[in-house]
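Descriptive analysis of the structure
Spelled out from the first residue to the last, the chains are:
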Amino acid sequence: IEFLLLRSEHIEPRTGPLWRPSYTSAHEVTLNLPRTAYRAHTPALILAEIDQALETIVRAHTQKAAFIERLLTWKDLGPLGALAAEYEGQSYVELRRVRYRIGLVGLNECVQFLTGQQLHETDEALALGLRITDHIQQRCTQLGEERGLHFEVTQRDDPAMGRRMAMLDLQQH
């Protein structure tokens, strides 16, 4: 389990006591957008394919959230004892404030496969890219409300991750 604890004014305005982190991200799952394009084959089917991938990602996050919650109930006897510590009757990490990240990789490649153009080359390609990202954000908000979790859509800026996913896609498609 990797927790990301940031104390930055760029994340959100400071609310609550200073001893509590202003931002806690418990987990990230990356969505391979080119793979969704390879499975969809057409722009008309891409959003349905993305929805299927998001369902799998949300299932993974939901299982991780339940696991973390169980570990935190052990308080200082468990492996997350430092995060379960309480001060003034409040725990250091509140699960209701934890964010579950959904990283996006390969939007340009996804759009290029579906339209034959990169995002910056035509208005059609840019419009499809915006439609995809808007759909992902809206769907993640909806799924988060249904599951009681806060999903955060982020761009994945790890070149090694992109290369690894590209190699897997090359083998499978």
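Structure report, in brief. (Residues numbered from 1 in each chain as written. Predicted model: local features only at pLDDT ≥ 70, side-chain atom pairs only at ≥ 80, totals over all residues. Heavy atoms only, no water.)

**Comments concerning the pattern of salt bridges**
This structure, assessed with the given rule, holds seven salt bridges. With a shortest N-O distance of 2.9 Å, Arg-139 and Glu-55 are connected by a salt bridge. Of this pair, Arg-139 sits in helix α5 (residues 123–147) while Glu-55 is found in helix α2 (residues 46–73), placing the two residues 84 residues apart along the sequence. Glu-152 serves as the salt-bridge partner of Arg-99, at 3.2 Å between the closest nitrogen and oxygen. Taken together, the residues span a long stretch of sequence, with Arg-99 in strand β5 (residues 99–105) and Glu-152 in strand β6 (residues 150–155) at a distance of 53 residues. Among the ionic contacts, a cluster of salt bridges with common partners joins Asp-51, Glu-55, Arg-139, Glu-146 and Arg-147. (Salt bridge = Lys/Arg side-chain N within 4 Å of Asp/Glu carboxyl O. Helix = DSSP H or I, 4+ residues; strand = E, 2+ residues; numbered from the N terminus.)

**Observations regarding the packing of aromatic side chains**
Taken as a whole, this structure holds one aromatic pair when the rule is applied. Ring plane angle 85° and centroid distance 4.9 Å describe the contact between Tyr-38 and Phe-113, whose orientation is recorded as edge-to-face. Taken together, the residues span a long stretch of sequence, with Tyr-38 in helix α1 (residues 33–40) and Phe-113 in helix α4 (residues 107–115) at a distance of 75 residues. A relative accessible area of 23% means that Tyr-38 is categorised as partly exposed. (Phe/Tyr/Trp six-rings, centres within 6.5 Å; stacked < 30°, edge-to-face > 60°. Buried < 20%, exposed > 50% of the residue type's maximum accessible area, 1.4 Å probe, protein only.)

**What to know about α4**
All of the buried residues along α4 are Asn-108, Cys-110, Val-111, Leu-114 and Thr-115. Along the axis of α4, the buried positions cluster into a sector of 160°, meaning they face one direction only. Elements that come into contact with the buried residues of α4 comprise α1, α2 and α5. In the stretch just after α4, Gly-116 is the one whose phi turns positive, near 85°. (Arc of directions from axis to C-beta. Contact = heavy atoms within 4.5 Å.)

**Some thoughts on the environment of Ile-57**
When you line up the elements, Ile-57 lands in helix α2. Residue Ile-57 is classed as buried on the basis of its relative accessible area, which comes to 6%. Between the alpha carbons of Ile-57 and Leu-31 there is a distance of 7.9 Å; along the sequence they are 26 residues apart. If sequence neighbours within four positions are ignored, Ile-57 has contacts with Val-29, Thr-30, Leu-31 and Ile-102.

**Some remarks on the pairing of β5**
In regular strands, side chains alternate between the two faces of the sheet. In terms of residue burial, β5 counts as a mostly covered element, since seven of its seven residues are buried. With burial as the criterion, each face of β5 is covered, one bearing Arg-99, Arg-101, Gly-103 and Val-105 and the other bearing Tyr-100, Ile-102 and Leu-104. In the sheet, β5 pairs with β6 via six bridges, with the strands oriented parallel. When the sheet's bridge partners are listed, Ile-102 is paired in β6 with Val-153. (Pairing = 2+ DSSP bridges.)

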